[in-house]
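Each chain is listed here by its residues.
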Amino acid sequence: DASGFPKKQPKIGWYASKHGASFSLRIEVKSDTNFLTIMSMKSYGPNFVDTILNISVQIVRKGDNQQALASSSASYEITGYHETRTSIHVPHKFELPGGGARAGDSILLDGKLTSGAYFKINGLALCSF
């Protein structure tokens, strides 16, 4: 669920506003995809202290009856706090597990706020390189 506005608060993005908040995406791959980039906000405010977003990624191969193999799974963590007295947007580039996804495969993405109570994602990108 996305909320936000480009010129007034809250600005465009996906927000987790309580501990344990989660989201899931299923992305049908149209061309070879090897990397996932998540653009997130880091901030110094008290609501960002100790925030950690856990991202789990699974690749489901075309014809595998929607079952992801352990070799095609990975988890990543992104922190949301820093001590610099400004908010910044940071790209986090992750290599997809299992050698990436090919046309016809699916990428399953699950995110969960495992620490803290606030997190913001500004964008997602998938690419070959």
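Preceding block: the structure.
Residues numbered from 1 in each chain as written. Predicted model: local features only at pLDDT ≥ 70, side-chain atom pairs only at ≥ 80, totals over all residues. Heavy atoms only, no water.

> Can you explain the pattern of salt bridges? Please cite residues and give values.
All told, the structure shown has 2 salt bridges when counted by the stated rule. Among the ionic pairs, arginine 61 bridges to aspartate 105, the shortest N-O distance being 2.8 Å. With arginine 61 in the loop between strand S4 (52-60) and strand S5 (73-79) and aspartate 105 in the loop between strand S6 (88-95) and strand S7 (106-115), this pair connects stretches of sequence that are 44 residues apart. Residue class for aspartate 105 comes out buried when judged on its relative accessible area of 4%. (Salt bridge = Lys/Arg side-chain N within 4 Å of Asp/Glu carboxyl O. Helix = DSSP H or I, 4+ residues; strand = E, 2+ residues; numbered from the N terminus. Buried < 20%, exposed > 50% of the residue type's maximum accessible area, 1.4 Å probe, protein only.)

> Before we move on, can you summarise the sheet that holds S4 with the specific residues and values?
Overall, antiparallel pairing links the 4 strands, which are arranged S2-S7-S4-S5 in an open sheet. In this open sheet, the two edge strands, each paired with only one partner strand, are strand S2 (22-28) and S5. Adjacent strand axes in the sheet meet at a mean angle of 20° when their direction is disregarded. Strand direction decides the pairing type here: S4 and S5, joined by 7 bridges, are antiparallel. In the strand pairing of S5, serine 56 is matched with serine 75. (Pairing = 2+ DSSP bridges. Axes fitted to C-alpha atoms, helices over the stretch in contact; angles between N-to-C directions.)

> Can you break down the side chain of histidine 92 residue by residue, with the values?
Structurally, histidine 92 can be placed in strand S6. Within polar-contact distance, the side chain of histidine 92 engages the side chain of serine 40 at 2.9 Å. Separated by 3.5 Å, the side chain of histidine 92 and the backbone oxygen of valine 90 make a polar contact. Those residues within four positions of histidine 92 in sequence are excluded, and the remaining contacts are Leu36, Thr37, Ile38, Ser40 and Ile78. (Polar contact = N/O pair within 3.5 Å; in protein donor to acceptor, adjacent residues only side chain to side chain. Contact = heavy atoms within 4.5 Å.)

> Can you explain the pairing of strand S8 (residues 119-127)? Please cite residues and give values.
Bridge count for strand S1 (residues 14-16) against S8 is 3 bridges, and the pairing is antiparallel. Its bridge partner being in S8, tryptophan 14 is matched across the sheet by isoleucine 121.

> Kindly report on the pairing of S7, identifying the contributing residues and their values.
Pairing geometry for S2 and S7, over 7 bridges, is antiparallel. Each bridged residue has a counterpart across the sheet, and for serine 22 the counterpart in S7 is lysine 112.

> An account of the packing of aromatic side chains is requested, with residue identities and associated values reported.
Per the stated rule, a full pass over the model turns up 3 aromatic pairs. Judged by centre distance (6.0 Å) and plane angle (50°), the ring pair of tyrosine 15 and tyrosine 118 falls under tilted. You can see tyrosine 15 sitting in strand S1 and its partner tyrosine 118 sitting in the loop between S7 and S8, a full 103 residues away along the chain. Residues phenylalanine 48 and tyrosine 118 carry aromatic rings whose centres are separated by 5.1 Å and whose planes lie at 75° to one another, so their mutual orientation is edge-to-face. Of this pair, phenylalanine 48 sits in the loop between strand S3 (35-42) and S4 while tyrosine 118 sits in the loop between S7 and S8, and the two are 70 residues apart along the sequence. The exposure classification of phenylalanine 48 matches that of tyrosine 118, with both residues buried. (Phe/Tyr/Trp six-rings, centres within 6.5 Å; stacked < 30°, edge-to-face > 60°.)

> Describe in detail the sheet that holds S6, supporting the description with residues and values.
Strand order in the open sheet formed by 4 strands is S1-S8-S3-S6, with antiparallel pairing between adjacent strands. Looking at strand neighbours, the two that pair on one side only are S1 and S6, the edges of this open sheet. Each strand axis lies, on average, 30° off the axis of its neighbour in the sheet, ignoring direction. Relative to S8, S3 runs antiparallel, the two being bridged by 6 bridges. Looking at the pairing, leucine 36 lines up with leucine 126 of S8.

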